[in-house]
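Structural description and commentary
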Amino acid sequence: MNMIIVLFALFLGGAVLTWLADKISGILRDGLFLLTMIGGATLFFLRIPTGSSVDITLAGLHLQWGLTPTAQVFSLVVMGLGVLAAIFAISYMKGKERLGYFYFNFLMSILGMTGILLSRDLVSFFIFWEIMTWSSYFIVIYSGKDVQSTGINYILFSAIGAYAMLTAIVMVWSQGHSLLINDMVRNFPFYPPSWKIWIPLLFLTGFGVKAALMPLHVWAPGAYTRSPMAFTSVFSGALSKMGIYGMIIVFVRMMDVVPQGAVIRDVFAWLGIITAILATIWAIAQDDARKLLAYSSIGQLGYIVTGVALGTPLALMSAFFLTIMHALFKGSLFMVVGAIERQTGTTYLNQVTGLIRKMPWTFLTALISIIALAGIPPVGGFIGKWMLYESMITGDRYILVIFTFFASTAAFMYCYKFLFGFFMGQEEKEWEHVKEAPAAMVVPPLLMALFAAVLGVFPGIILRPIDTAMQGMGFAGSGGHFWQMSTLFNDWGNTIAMKPLAIAVTVIFLLFAIFLTLKGLKETRYTSTKDISTSGEVPLEEENLTFSENFFQPFLRAVGPLMKYRIMVWYRQLGSSVEATADYLRRVYSGNGQTYAIYVILFVVVLLLFKDKLFG
């Protein structure tokens with residue numbers, strides 16, 4: 001039997017058995033959940049090589065599943081992050097209710113993402129897309145909080161994206177009577193001119209929803225916040241990448257044959273940077289770390305969308321690299337917040353402070369991940385952003401560079417706020433009981449953070465599969481060295497001349513750590529944040545004087561005009577208008593038989609009066 005079919009059966013069967021085992025034994029349930037996730041990932045990487053495929057004919061439709069080099073790069077994210085998040089989930093979800101329900105939908109979402117990556121036809125792609133959407137929706141509403149707002153927003157925007165994709169699929173079928181993705185790409189140049197615009201735009205709408213591209217992003221902050229933190233890392237790090245994967249299919253494999261393609265590319269490139277800027281500003285304004293990371297994720301995805309939309313080899317390579325990096329540092333940071341929430345009961349930066357001594361390993365994980373997010377060398381985030389900047393500069397897109405630099409620089413503020421707010425602030429008595437999180441909640445995010453650091457020194461680990469993926473998409477062969485397009489890799493990346501820089505930074509950190517350790521050996525007087533006076537006045541006990549409270553207010557006031565207009569207001573107005581129209585039209589269907597008879601008579605009269613014009 002083909003291993004791809006076995007893989008699908010493994011995830012589906014494992015999800016069902018895990019759900020059933022919840023009624024028998026918690027240990028059996030947890031074991032089946034982990035075994036399914038680890039076994040599925042092992043089977044994927046060891047028994048499904050690139051180029052393998054299987055063809056099935058079902059109800060007259062030709063379905064095809066197989067692994068492409070591009071899908072293999074994205075599978076590193078789905079499977080790698082899925083396994084680590086599953087290990088984290090066992091500890092994080094301990095003691096919670098309806099775990100069979102949660103684990104079932106966790107595995108089904110992994111099945112959906114895996115199916116998307118293996119689908120070579122649009123029917124399979126759409127079915128697995130819906131499996132991913134509905135299973136993640138059930139996880140969003142798992143806690144039962146704000147279901148009416150968060151859950152409805154998520155499924156409504158997902159439905160908009162799904163209907164847009166379905167419309168595009170029907171249009172593709174009407175032209176070639178084939179739904180294979182390769183056939184769609186091959187026949188696309190022969191489509192009617194207007195369809196060469198509408199089909200990509202409809203697909204990009206569906207993919208833009210999952211990638212949280214503004215103005216289709218409004219579901220993301222609530223969904224990321226309300227989902228259990230054990231799944232939010234997958235939500236942000238992997239599930240959002242399915243939108244990026246779809247965009248690569250459209251921009252790289254279809255748009256080159258469209259005369260107006262350059263305009264669409266520019267529009268989406270700017271939408272990506274606008275998303276990065278506005279999401280970064282909103283991240284700075286958040287006191288809840290979950291929402292801060294949610295908006296941060298939206299902003300980071302904006303960079304990736306811009307790289308994909310620009311479409312040059314270097315821009316696309318930066319998008320691939322940032323895709324991997326975003327999964328690593330954002331998956332890690334969401335797990336960090338989950339560990340803090342589990343140990344303290346809160347995720348608010350203005351409620352808990354001074355955790356560096358209480359949770360040192362969690363702090364180390366957060367530190368490395370924040371450095372990667374900020375794009376500081378020698379961690380891998382620096383490499384991805386450097387390539388994106390260089391692709392813009394070499395493409396004479398200097399205004400785009402300026403706005404991208406603003407978004408990236410502003411991100412330092414919420415990075416600092418996150419790190420200092422949780423860990424570097426003053427210790428308080430109410431958090432004396434806090435201890436380091438269990439190993440199962442520390443090791444997975446720490447491994448991701450360390451790998452992000454490794455990629456900063458040895459980027460070739462991931463550049464080589466990216467190089468293969470780009471050649472598989474039709475880019476001219478480069479002798480396996482696409483990265484030599486960048487001045488960064490000519491001197492550093494391929495020859496690993498970054499080692500001296502990495503060693504220097506490491507030595508600085510070690511010296512700083514030794515200094516703090518020796519300083520801490522001396523007797524230190526700890527002062528509460530409330531044990532102060534300002535201008536001769538002693539603050540009241542209930543006043544919040546933590547670092548994160550009302551910090552960055554001068555900056556937020558300066559960017560206030562950008563935060564004044566919220567797209568959700570327009571969506572609500574649109575919804576109210578639709579509701580009012582529907583309420584008015586509802587009166588037409590009064591339920592009165594005499595009224596319906598009058599409608600029929602009027603309809604017949606209209607037909608008689610205009611029969612010549614209507615029927616010739």
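The present account deals with the structure reproduced in this document. (Residues numbered from 1 in each chain as written. Predicted model: local features only at pLDDT ≥ 70, side-chain atom pairs only at ≥ 80, totals over all residues. Heavy atoms only, no water.)

Quick look at the environment of T114
Looking at the element boundaries, T114 is found in helix α4 (residues 99-118). With sequence-adjacent residues up to four places away left out, T114 is seen in contact with L7, F8, F11, F44, V78 and M79. (Helix = DSSP H or I, 4+ residues; strand = E, 2+ residues; numbered from the N terminus. Contact = heavy atoms within 4.5 Å.)

Re the pairing of strand β2 (residues 61-66)
When strand β1 (residues 53-58) meets β2, the two strands line up antiparallel, connected through six bridges. Paired with S53 across the bridge in β2 is G66. The antiparallel pairing of β1 with β2 creates a hairpin that spans two residues between the two strands, and A59 there sits at a positive phi of about 55 degrees. (Pairing = 2+ DSSP bridges.)

Some words on the packing of helix α11 (residues 241-253) against helix α14 (residues 313-344)
Orientation of α11 relative to α14, taken along the N-to-C sense of each, is 170 degrees, at an axis distance of 11 Å. On the basis of the axis angle, α11 is roughly antiparallel to α14. Of the residues in α14, those touching α11 at K241, I244, I248 and V252 are L316, F320, T323, H326 and A327. Residues belonging to the contact of α11 with α14 are distributed by class as follows: six nonpolar, two polar and one charged. (Axes fitted to C-alpha atoms, helices over the stretch in contact; angles between N-to-C directions. Parallel < 35°, antiparallel > 145°, perpendicular 65-115°, else oblique. Nonpolar A, V, L, I, M, F, W, Y, C, P; charged D, E, K, R; others polar.)

Brief notes about the packing of aromatic side chains
For the structure on display, the rule yields 38 aromatic pairs. Taken together, a centroid distance of 4.9 Å and an interplanar angle of 40 degrees make the contact between F8 and F128 tilted. Of this pair, F8 sits in helix α1 (residues 3-21) while F128 is found in helix α5 (residues 122-140), placing the two residues 120 residues apart along the sequence. The same class applies to F8 and to F128, which are both buried. For the ring pair Y416 and F420, a centre distance of 5.6 Å and an interplane angle of 40 degrees mean the geometry is tilted. (Phe/Tyr/Trp six-rings, centres within 6.5 Å; stacked < 30°, edge-to-face > 60°. Buried < 20%, exposed > 50% of the residue type's maximum accessible area, 1.4 Å probe, protein only.)

Observations regarding the side chain of T306
With respect to the secondary-structure elements, T306 resides in helix α13 (residues 289-310). Under the relative-accessibility criterion, T306 is labelled buried at 0%. If we ignore the near neighbours within four places in the chain, the residues touching T306 are A269, G272, I273, M392 and L400.

Some words on the environment of F382
Here F382 lies in helix α16 (residues 381-394). F382 gets classed as buried once you look at its relative accessible area, which sits at 13%. For F382 and G456, which are 74 residues apart along the polypeptide, the C-alpha to C-alpha distance reads 7.4 Å.

Side note on α1
Compared with an ideal rise of 1.5 Å per residue, which puts 19 residues at 27 Å, α1 spans 26 Å between its outermost C-alpha atoms and is within 8% of the ideal. Turning to α1, its buried residues are I4, L7, F8, F11, G14, A15, T18 and A21. N-capping of α1 is provided by N2, with a side-chain oxygen placed 2.8 Å from the backbone N of I4. (Expected span 1.5 Å × (residues − 1). Polar contact = N/O pair within 3.5 Å; in protein donor to acceptor, adjacent residues only side chain to side chain.)

Observations concerning the nonpolar core
Soluble, globular proteins show a tendency: their nonpolar side chains are buried together. Ranked by size, the top nonpolar core spans 193 residues in total, and within it F102, F106, F203, W219, F320 and F418 carry the most contacts. The greatest single-element share of this core, amounting to 20 residues, is contributed by α14. Contact partners of F320, with chain neighbours within four places excluded, come to T70, V73, F74, I248, I466, A469, M470 and M473. (Core = buried A, V, L, I, M, F, W, Y, C linked by side-chain atoms within 4.5 Å.)

Points about unusual backbone geometry
Residue P215 follows M214 across a cis peptide bond; omega there is 10 degrees. Here the phi dihedral of R98 falls at roughly 55 degrees; this positive angle occurs in a residue that is not glycine. Structurally, R98 can be placed in the loop between α3 (69-92) and α4. Judged by its relative accessible area of 42%, R98 falls in the partly exposed class. Within the chain, A212 stands out as a residue other than glycine whose phi angle is a positive 55 degrees. Its place among the elements puts A212 in the loop between α8 (195-210) and α9 (219-226).

Considering the pattern of salt bridges
With the rule as written, the count across this model stands at six salt bridges. Here R29 and D22 are joined by a salt bridge, their closest N and O atoms 2.7 Å apart. Linking D266 and R397 is a salt bridge whose minimum nitrogen-to-oxygen distance equals 2.8 Å. Within this pair, whereas D266 is found in helix α12 (residues 261-284), its partner R397 is found in the loop between α16 and α17 (398-424), the two being separated by 131 residues in sequence. Taking relative accessible area as the criterion, D266 reaches 29% and is therefore assigned partly exposed. Note on R397: relative accessible area 30%, which makes it partly exposed. (Salt bridge = Lys/Arg side-chain N within 4 Å of Asp/Glu carboxyl O.)

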